[in-house]
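Okay, here's what each chain looks like letter by letter:
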Amino acid sequence: MTVEDRLSDDGPATDSYKHEALRRRLQADIAGMRPDEALPTERQLAERYDVSRATARRALQALREDGLVRSVRGVGTFVSHPQITKTSTLTSFSEDLRSRGYRPSAELLSAERVEAGLHHATALGVDPGTALHRIERLRLGDGFPICIETVYLSAERFPDLDESLLAGSLSEALQITQGVRVVRATQQIRAVNVTGRQAQLLGVKEGSAALLVRRTAFDETGHVVEYGESLCRGDLYEFSLVVTE
């Protein structure tokens, strides 16, 4: 007898199996559903599969812990967007999204020239007061907001940046149009909570958990290409690093 068969059994001896069997059935259903698609309610699940609401609740809780669904109080339970795992391999944000089946895009929030303060001048290896491009974009996967990205580049090194190139990967655009290839990058990752504007752009509640990623990218000659800060949604983004002795 399979675990799924036990879903229809009666008696306390099978209670411990029922929520696991229901979780597996729902997991299979979710594989064929779209992100943000609603799941049946606890009551509907209980009636459909002839289990108690407590069993349905435990199955949904297990799916939430697996990151497969998310619940909105008073609204319902919905299929989660696939989580994006960033590894130690040097890849762009667009490449990370494509690897998870997303269609990457970017919404330009602002593009301006600014003078380098001490922090950004140090990061880019230029003198304070040097003219920089400051580019702020909302990065999306399948039209869904995932992170807010702010990138700084030397306006002296890259005097002309066509805004039409900023709809996708900036690294890919620089390689194609400027012949500059990023071969190495350093990253610092910190847990933060989003503020009002950030929450609105990312489509989450104010104070929600996020990851702030500071990244400095270098070319083949060892010169800094760009310095960026990305605020990534904590419920969609994770980092996986290999640590060796």
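As a starting point, this report considers the structure included with it. Keep in mind it's a predicted model, so treat the numbers as computed, not measured. Counting restarts for each chain: residues are numbered from 1 in the order of the written sequence. The predicted nature of this model means local features are confined to residues of pLDDT at least 70 and side-chain atom pairs, given and counted, to a pLDDT of 80 or more, with totals for whole chains, interfaces and linings taken over all residues. Only hydrogens and water are set aside; all other atoms, that is, all heavy atoms of the structure, feed into the side-chain values.

## Some thoughts on the nonpolar core
Consideration 1: We call a set of buried Ala, Val, Leu, Ile, Met, Phe, Trp, Tyr and Cys residues a nonpolar core when their side-chain atoms join them within 4.5 Å. Each residue is placed in one exposure class: buried if its accessible area under a 1.4 Å probe, protein chains only, is under 20% of its type's maximum, exposed if it is over 50%, and partly exposed if it falls in between. Core analysis: the largest hydrophobic core is formed by 14 residues, its most contacted members being Leu22, Leu26, Ile30, Leu39, Leu45, Leu60 and Leu63.
Consideration 2: Counting from the N terminus, the helices are DSSP H or I runs at least four residues long and the strands are E runs at least two residues long. Breaking this core down by element, the ones donating at least two residues are α1 (15–30), α2 (42–49) and α3 (53–65).
Consideration 3: In terms of residue count, α3 provides more of this core than any other element does, four residues in total.
Consideration 4: By definition in these notes, contact holds between two residues if any of their heavy atoms fall within 4.5 Å. Excluding residues that lie within four positions of it along the chain, Leu26 makes contacts with Leu45, Ala59, Leu60 and Leu63.
Consideration 5: Formed by 11 residues, the second largest nonpolar core is a distinct cluster that contains Phe158, Leu166, Val180 and Ala217.

## Description of the side chain of Arg139
Consideration 1: Topologically, Arg139 is positioned in strand β5 (residues 131–141).
Consideration 2: Among the residues examined, Arg139 registers a relative accessible area of 2% and is labelled buried.
Consideration 3: Polar contact is the term for a pair of N or O atoms within 3.5 Å; when the atoms are in protein, one must be able to donate a hydrogen and the other to accept it, and sequence-neighboring residues count only if both atoms are side-chain atoms. Of the polar contacts made by the side chain of Arg139, one reaches the side chain of Glu149; its length is 3.3 Å.
Consideration 4: The contacts of Arg139, once residues within four sequence positions are left out, are Phe93, Ser94, Ser105, Ala106, Phe144, Pro145, Ile146, Cys147, Glu149, Gly168 and Ser169.

## Here's the deal with the pairing of strand β9 (residues 224–233)
Consideration 1: Counting buried positions over the 10 residues of β9 gives nine, a clear majority of the element.
Consideration 2: For two strands to be treated as a pair, DSSP must find at least two bridges joining them. Sheet topology note: the strand β6 (residues 144–154)/β9 ladder contains six bridges and is antiparallel. When the bridges of β9 are listed, Cys147 appears paired with Cys232.
Consideration 3: Note: strand β8 (residues 209–218) against β9, nine bridges, orientation antiparallel. Looking across to β9, one finds that Phe218 is bridged to Val224.

## A short note on the sheet that holds β9
Consideration 1: Strand order in the open sheet formed by six strands is β4-β5-β6-β9-β8-β7, and the pairing between neighbours is antiparallel. At either margin of the open sheet sits one strand with a lone partner, and together these are β4 (104–115) and β7 (184–193). When strand polarity is set aside, the average angle formed by the axes of neighbouring strands in this sheet is 15 degrees.
Consideration 2: In this analysis an axis means a line fitted to C-alpha atoms, helices contributing only their contacting stretch, and an angle means the value between N-to-C directions, from 0 to 180 degrees. Packed onto the sheet, helix α6 (residues 170–178) meets β5, β6 and β9 and runs at close to 155 degrees relative to β9.

## Section: α6
Structurally, the α-helix is built with 3.6 residues per turn, so residues lying three or four positions apart point the same way.
Consideration 1: Leu170, Ser171, Ala173 and Leu174 are the residues of α6 that are buried. Buried residues of α6, seen end-on, are gathered within an arc of 160 degrees and therefore sit on one face of the element.
Consideration 2: Turning to α6, the residues buried within the fold contact β5, β6 and β9.
Consideration 3: By the N-cap criterion, in which a side-chain oxygen at the helix start approaches the backbone nitrogen of a residue two or three places on, α6 is capped by Ser169, the distance to Ser171 being 3.5 Å.
Consideration 4: Positive phi shows up at Gly179, right after α6, with a value of about 70 degrees. Read the arc as the range of directions from the helix axis to the C-beta atoms.

## Structural notes on the pattern of salt bridges
Consideration 1: Put simply, a salt bridge is a Lys or Arg side-chain nitrogen that is within 4 Å of an Asp or Glu carboxyl oxygen. Evaluation of the coordinates by the stated rule reveals 14 salt bridges.
Consideration 2: The salt bridge partner of Glu136 is Arg197, with a shortest N-O separation of 3.1 Å. Placement of the pair is Glu136 in strand β5 and Arg197 in helix α7 (residues 196–202), with a sequence separation of 61 residues.
Consideration 3: According to the relative accessible area criterion, Arg197 is partly exposed, its value standing at 47%.
Consideration 4: Put simply, Glu20, Arg23 and Arg24 are held in one network by salt bridges that share partners.

## Thoughts on the packing of aromatic side chains
Consideration 1: Classification of ring pairs rests on two measures: the distance between centres of Phe, Tyr or Trp rings, Trp counted by its six-membered ring, which must be within 6.5 Å, and the angle between planes, read as stacked under 30 degrees, edge-to-face over 60 and tilted in between. By the definition in use, this model includes one aromatic pair.
Consideration 2: Stacked on the ring of Phe218, the Lys or Arg Arg184 has its end atom at 4.1 Å from the ring centre. Whether a charge lies above a ring is judged from NZ of Lys or CZ of Arg, which has to be within 6 Å of the ring centre and within 35 degrees of the ring normal.

## Concerning α3
Consideration 1: Helices are assigned an expected span. That span is 1.5 Å times one less than the residue count. If you check α3, its first and last C-alpha atoms are 18 Å apart, about what 13 residues at 1.5 Å a residue would give, namely 18 Å.
Consideration 2: Restricting attention to buried positions, one finds in α3 the residues Thr55, Ala56, Ala59, Leu60, Ala62 and Leu63. Buried residues of α3, seen end-on, are gathered within an arc of 155 degrees and therefore sit on one face of the element.
Consideration 3: Looking one or two residues beyond α3, the residue adopting positive phi is Gly67, at roughly 80 degrees.

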